[in-house]
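Architecture at a glance
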Amino acid sequence: MHYVQKYLEKLQNPKTNNTPISNGFKTNIFLYCSYYSFYSQKVLMALYEKNIEFEPLLIDITKGEQYSSWFLEINPRGEIPVLKVNNAIIPDSTRILDYLEFYLNQETPPLINVSADNKVMKNVNMFREMIEALPAGLITVGSFFHPHLCGTPKMPFILPVREVLKNGDLCNSKNLRKLAKANPKAENVLLYKAEIQDRKHEIITNEEEYLKVLNVVDDVLSHVEEQLTRQYQDSWLCCEQFSIADINLAVLLQRLWELGLEERFWTRGKRPHIEQYYERVKERESFKKTIPGLPVHIKMIVTSQPPAYIGAAGAISVGMVLVLAYFFKKLIH
């Protein structure tokens, strides 16, 4: 696991007092997020599981809005999700999930402290950390460079979206360095991210290195399969209670399925307990609310405009937007 973890260095983020614009929700809890962000999905699913009233403030990552000056004032790393509760700013999905469990002044169903059994809690924490250590962005973009290692991708990661994101990755570090010059307050953080991006790109574009990452995923899922074999039929990953480990696993399996990696990892009898688990968790209401459906995919494509910001996803031309819109319209006719 150290092979992956050394690429996952994180920085602390300062708090700010930015006030979001309300869209009519009666709440003091706001989440800057994107429905297509892996890490946003984990927080969204947790919020739905806990029945917490919140207002999602959508960040258009297709235009690189997370790197706009106003958002860098909120999170200098230019990353989502970010939770705002009154005047407190909490970045990073892991920190947000802990905040929802331990610091939010509300009575909500637990996702971390789900059992008084020390053995159960040890497993919850172990699988949470094990799955969180997997670099979702690297796994995602790497699949675009090595499609022969995957099966059939699904929406939203189908052509030509894959090419847009792939090309965006090629100029990611260059754009981050430009942004650093334009945003002095976030310069050090953005330059640091550019260096990390260079290292990630070396892995993404090198098949041998990318295979090492997929092998780590395979190892993690082997542990998951073994754990599921020990559970009763109606139990979840660690116990009867749905936990934070289940949220991490559910969102991971969904991303792997979207990338066409399910045949590599669990279908066709390879890991039957994971296959059954995935089918079961998809029926959970929080999962259905979290994962975008076809109407959301189409709306995202049709309403996209040329980017106003220099973002990690790169520039999307008007012509590409029209091609994407046509492609999705063909799918539903």
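Let me sum up the structure you'll find in this document. All values reported here derive from a predicted model rather than from experimental measurement.

This paragraph deals with the packing of helix α10 (residues 207-229) against helix α13 (residues 272-281). As a packed pair, α10 and α13 sit with axes 8 Å apart at the nearest point and diverge in direction by 80°. It follows from the interaxial angle that α10 and α13 lie roughly perpendicular. Only Pro 272, His 273, Ile 274 and Tyr 277 of α13 make contact with α10, whose side of the interface consists of Leu 221, Val 224, Glu 225, Leu 228 and Thr 229. When the residues that make up the contact of α10 with α13 are grouped by side-chain class, the tally is six nonpolar, two polar and one charged.

According to the stated counting rule, one finds 10 aromatic pairs in the structure shown. Site record: aromatic cluster; members linked through ring pairs are Tyr 32, Trp 70 and Phe 71. In this structure, Arg 280 is placed above the aromatic ring of Trp 236, and the distance from its NZ or CZ to the ring centre is 3.8 Å. In this arrangement the basic side chain of Arg 284 is found over the ring face of Phe 242, its NZ or CZ atom lying 4.0 Å from the centre.

Our next topic: unusual backbone geometry. Across residues other than glycine, the phi torsion is negative in most instances, and most of the peptide bonds are trans. The omega torsion of the bond from Ile 80 to Pro 81 falls at 10°, within 30 degrees of zero and hence cis. Locating Pro 81 in the fold gives a position in the loop between α3 (69-74) and β3 (82-85). Of note, the amide linkage connecting Met 155 to Pro 156 takes the cis form, showing an omega dihedral of 10°. Here Pro 156 lies in the loop between α6 (136-145) and α7 (161-170). Positioned with a positive phi, Asp 92 is a non-glycine residue whose angle comes to about 75°.

Definitions and limits used
- Every chain begins its residue count from 1, and numbering advances along the sequence as written.
- In keeping with the model being predicted, local features are shown solely for residues with a pLDDT of at least 70 and side-chain atom pairs are shown and tallied solely at 80 or more, while totals for entire chains, interfaces and linings include all residues.
- In computing side-chain properties, one takes all heavy atoms of the structure into account and sets aside hydrogens as well as water.
- Note on method: axes are straight lines fitted to C-alpha atoms, helices fitted across the in-contact stretch only, with angles between N-to-C directions ranging 0 to 180 degrees.
- Secondary structure elements are defined from DSSP: runs of H or I of at least 4 residues count as helices, runs of E of at least 2 residues count as strands, and each element is numbered from the N terminus.
- Should an angle lie under 35 degrees it is considered roughly parallel, over 145 roughly antiparallel, and from 65 to 115 roughly perpendicular; all remaining angles are considered oblique.
- When checking whether two residues touch, look at their non-hydrogen atoms; a contact exists if any pair is within 4.5 Å.
- Gly counts as polar in this scheme, as do all residues outside two lists: the nonpolar Ala, Val, Leu, Ile, Met, Phe, Trp, Tyr, Cys and Pro, and the charged Asp, Glu, Lys and Arg.
- Any two of the Phe, Tyr and Trp rings considered here, Trp counted by its six-membered ring, make a pair once their centres fall within 6.5 Å; the pair's planes then place it as stacked at under 30 degrees, edge-to-face at over 60, or tilted in between.
- In our convention, an over-ring charge means Lys NZ or Arg CZ found within 6 Å of a ring centre and within 35 degrees of that ring's normal.

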